[in-house]
Amino acid sequence: MHREGHIVEEITDYSNMSDSFDRVLRGSKRKRSRQGRYLLAHRDEVIRELTERISSGTFTVKDYRERVIREGGKERRIQILTMKDRIAVHAVMDVVDRHLKKRFIRTTSASIKGRGMHDLLAYIRRDMEEDPEGTRYCYKFDISKFYESVGQDFVMYCVRRVFKDGKLIAMLDNFTRLMPQGISIGLRSSQGLGNLLLSVYLDHYLKDRYGVRHFYRYCDDGVVLGETKAELWEIRDAVHGQMETIGLSVKPNERVFPVGEGIDFLGYVIRPDYVRLRKRIKQKFARKMHEVKSRRRRRELVASFYGMAKHADCHKLFNKLTGKDMRSFKELNVAYKPEDGKKRFPGTVVSIRELVNLPIVVKDFETGIKTEQGEDRCIVAIEVNGEARKFFTNSEEMKNILAQVREIPDGFPFETIIRTETFGKGRTKYVFS
């Protein structure tokens, strides 16, 4: 793909800068802090200043404080910027990530909008179901100390392969070289640039050079599924070779094994016919439920656990640990009820002219809708070739017919074709036929 330019103009668009300001200042705790109160009081001035610095390419990150956190049994040292700098970094990376996303393979996740662990889990389950022979064995690996070991020059090489905007490249170079070695764990840019590095040197290499069909990556954890152990050992050597090329290494706990043993990945143990939660997650939830006495906090814990359990085959486990039955959203039989009492229909709006002579299924309708063309319009929910659509009409004839159909038991849905009829002095009306 060709290199992209004029990215700074997208970044400095007021809507992007304003949205970044709001995203960084979200939450009452940040708003009430000393930094937050100042930024809110000088909102327009801050946005204007950051816009000018980004436009001129002079924005840099220099000052930060460090904090040690424990995550997954490990101690991590993260870097925390001032809120003002975070606004600018967020504005830059929101646009950069949008451009990078189309470069990534579909089965890479983590810190990519619209792609999380459950999205990737769904792909693995689908592939194992549709191609049982091609997913008999698994190679699972994890890159050792990824963020701390990333080569900064390799990251910038990948950046220059994608972008040609000099000002943007200078800012991303500053973000990348904030730390003496590796890339910052706490900086908003690190996830996107880390994904770009592995996309160039690992994802596309395995897909393009080796034709790997079933490869899934979540940040620095990877899974490859294959038909035989021999082909996976070959892939294993390729992964090691690529990681050594950019100064990284694979942890020694890598394995090639039958998928029937269960793939411990994304917080789940994935097997061809069912999925279970990882043991550590179950134990952690059970301990917290035993320790916490607050009703509100217990409800929050149950909701969080449900968010994980609903993607696995864990109905009995959920009931055992929470005393509640896990029900699907459809079973709750609830729907959004707008204050105006009007129905909301799915699908995109199409012109009635586009529907002439096409077979459609009329699902429902709602009258008394106000549009730019006037009041008391009627919106009709339809299905065209299995896809939801809707159109507006002010035809009294159509409104009358739809009202009559509503009075007929099981009148909706019904099949029809919209035709045109000429009346008066060359005027056209649309009718059901």
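Residues numbered from 1 in each chain as written. Predicted model: local features only at pLDDT ≥ 70, side-chain atom pairs only at ≥ 80, totals over all residues. Heavy atoms only, no water.

A closer look at the sheet that holds strand β8 (residues 263–265)
Inference 1: Spatial strand order, β8-β9-β10: 3 strands in an open sheet with antiparallel pairing. The open sheet terminates on both sides in strands that have one partner only, identified here as β8 and β10 (275–277). Sheet twist, expressed as the average angle between the axes of neighbouring strands with direction ignored, equals 25 degrees.
Inference 2: Two strands pair when backbone bridges link them, and β8 and strand β9 (residues 268–270) are joined in this way by 3 bridges, in the antiparallel orientation. In the strand pairing of β9, D264 is matched with V269.
Inference 3: In this fold helix α7 (residues 117–130) packs onto β8, β9 and β10, with an angle of close to 15 degrees to the strand it touches most, β9. (Pairing = 2+ DSSP bridges. Helix = DSSP H or I, 4+ residues; strand = E, 2+ residues; numbered from the N terminus. Axes fitted to C-alpha atoms, helices over the stretch in contact; angles between N-to-C directions. Contact = heavy atoms within 4.5 Å.)

Considerations on the pattern of salt bridges
Inference 1: Evaluation of the coordinates by the stated rule reveals 30 salt bridges.
Inference 2: Note that D237 and R236 form a salt bridge whose closest N and O atoms lie 3.2 Å from each other.
Inference 3: You can call R236 partly exposed: its relative accessible area is 23%.
Inference 4: With its nearest N and O atoms 3.7 Å apart, the salt bridge here joins K363 to E383. A residue pair is termed long-range when its members are at least 10 positions apart, and K363 in strand β12 (residues 359–371) and E383 in strand β13 (residues 374–384) qualify at 20 residues.
Inference 5: Among the charged side chains, a salt-bridge network with shared partners connects E4, K102 and R103. (Salt bridge = Lys/Arg side-chain N within 4 Å of Asp/Glu carboxyl O. Buried < 20%, exposed > 50% of the residue type's maximum accessible area, 1.4 Å probe, protein only.)

Some thoughts on the confidence of the model for the protein chain
Inference 1: On average, residues of the protein chain carry a pLDDT of 89, and 96% of them reach 70 or more.
Inference 2: Looking at the elements of the protein chain, mean pLDDT is at its lowest for helix α16 (residues 329–332), recorded as 56, and at its highest for strand β4 (residues 137–142), recorded as 96. (pLDDT = per-residue confidence, 0-100.)

A closer look at a positive patch on the surface
Inference 1: Residues R23, R26, K101 and K113 make up a contiguous surface patch of positive charge.
Inference 2: Looking at the secondary structure, you find K113 in the loop between β3 (108–109) and α7. (Patch = residues over 30% accessible without salt bridge, like charges linked within 9 Å, V, L, I, M, F, W, Y side chains within 5 Å. Areas by Shrake-Rupley, 256 points an atom, 1.4 Å probe, with all protein chains shown as cover. Lys, Arg positive; Asp, Glu negative; His and termini not counted. Charge placed at Lys NZ, Arg CZ, Asp CG, Glu CD.)

Some words on the packing of helix α14 (residues 295–309) against helix α15 (residues 315–322)
Inference 1: Closest axis-to-axis distance for the α14/α15 pair is 11 Å, and the angle between their directions is 170 degrees. In this view, α14 runs roughly antiparallel relative to α15, as classed from their interaxial angle. Judged by the sense of rotation from one axis to the other, the crossing of α14 with α15 is right-handed. Of the residues in α15, those in contact with V302, F305, Y306 and A309 of α14 are L317, F318, L321 and T322.
Inference 2: Looking at the contact of α14 with α15 residue by residue, the classes come out as 7 nonpolar, 1 polar and no charged. (Parallel < 35°, antiparallel > 145°, perpendicular 65-115°, else oblique. Left-handed = near helix turned anticlockwise from the far one by under 90°. Nonpolar A, V, L, I, M, F, W, Y, C, P; charged D, E, K, R; others polar.)

Some words on the nonpolar core
Inference 1: Membership of the largest hydrophobic core comes to 74 residues, with the highest contact counts inside it found for V92 and F163.
Inference 2: Considering every element that reaches this core, the biggest residue donor is helix α6 (residues 83–101), with 10 residues.
Inference 3: Aside from chain neighbours lying at most four places away, what touches F163 is R3, E4, I7, V96, H99, L100, L168, I169 and L172.
Inference 4: Formed by 29 residues, the second largest nonpolar core is a distinct cluster that contains V223, L225, F257 and L301. (Core = buried A, V, L, I, M, F, W, Y, C linked by side-chain atoms within 4.5 Å.)

Overview of helix α9 (residues 152–162)
Inference 1: Within α9, burial applies to Q152, V155, M156, C158, V159 and V162. Projected down its long axis, α9 shows its buried positions confined to an angular sector of 155 degrees, all on one face.
Inference 2: Buried residues in α9 make contact with α6, α10 (166–176) and α11 (188–210). (Arc of directions from axis to C-beta.)

Re empty space enclosed by the protein
Using a probe with the size of a water molecule, rolled over the atoms, empty space left in the structure can be pinpointed.
Inference 1: Going through the model one piece at a time under the given rule, you end up with 1 cavity of 30 Å³ or more.
Inference 2: Quantified by volume, the largest cavity comes out at close to 30 Å³.
Inference 3: Taken together, A110, S111, F146, Y147, Q191, G194, N195 and C219 form the lining of the largest cavity.
Inference 4: Of all the secondary structure elements, the ones that give two or more residues to the lining of the largest cavity are α8 (146–149) and α11.
Inference 5: Ranked by residue count, the leading element in the lining of the largest cavity is α11, at 3 residues. (1 Å grid on protein atoms, 1.4 Å probe; cavity = no way out; pocket = protein on both sides within 12 Å on 5 of 7 lines; lining within 4 Å. Points joined across faces, edges and corners; volume = space filled by probe spheres on them.)

Some points on the packing of aromatic side chains
Any pair of aromatic rings gets described here by the distance separating the centres and the angle formed by the planes.
Inference 1: For the coordinates displayed, the defined rule picks out 12 aromatic pairs.
Inference 2: Ring geometry for F412 against F414: centres 5.7 Å apart, planes inclined by 40 degrees, an arrangement best described as tilted.
Inference 3: Where F414 meets F432, the ring centres are 6.0 Å apart and the plane angle is 90 degrees; that geometry is what we call edge-to-face. Separated by 18 residues along the polypeptide, F414 in strand β15 (residues 414–423) and F432 in strand β16 (residues 427–432) bring together distant segments of the chain. Here F414 matches F432 in class, with each residue buried.
Inference 4: Clustering of aromatic rings is evident, with ring pairs tying together F285, F305, Y306 and F318.
Inference 5: One residue, R255, lies across the ring of F257, its end atom 4.0 Å from the ring centre. (Phe/Tyr/Trp six-rings, centres within 6.5 Å; stacked < 30°, edge-to-face > 60°. Lys NZ or Arg CZ within 6 Å of the ring centre and 35° of its normal.)

A look at the pairing of β12
Inference 1: Looking at chain direction, β12 and β15 are connected through 4 bridges and run antiparallel. Bridge assignment links I360 to a residue of β15, and that residue is T416.
Inference 2: Here β12 runs beside β13; their pairing, made up of 7 bridges, is antiparallel. Within β13, the residue paired with D364 across the bridge is A381.

A look at the sheet that holds β13
What links the strands of a sheet is backbone hydrogen bonding, and the strands pair in either a parallel or an antiparallel sense.
Inference 1: An order of β11-β14-β13-β12-β15-β16 is seen for the 6 strands of this open sheet, with the pairing classed as mixed. Each edge of the open sheet is held by one strand with a lone partner, namely β11 (348–349) and β16.
Inference 2: Relative to strand β14 (residues 387–393), β11 is paired through 2 bridges, and the arrangement is parallel. Looking at β14, one finds that T348 is bridged to R389.
Inference 3: Taken strand by strand, helix α17 (residues 396–407) contacts β12, β13, β14, β15 and β16, and its axis lies near 10 degrees from that of β16.

Here we look at the packing of helix α4 (residues 34–41) against α6
Inference 1: Interaxial distance between α4 and α6 falls to 10 Å at its minimum, and their mutual angle equals 60 degrees. Relative to α6, the element α4 lies oblique. Contacts between α4 and α6 pair Q35, G36 and L39 from the former with M83, K84 and I87 from the latter.

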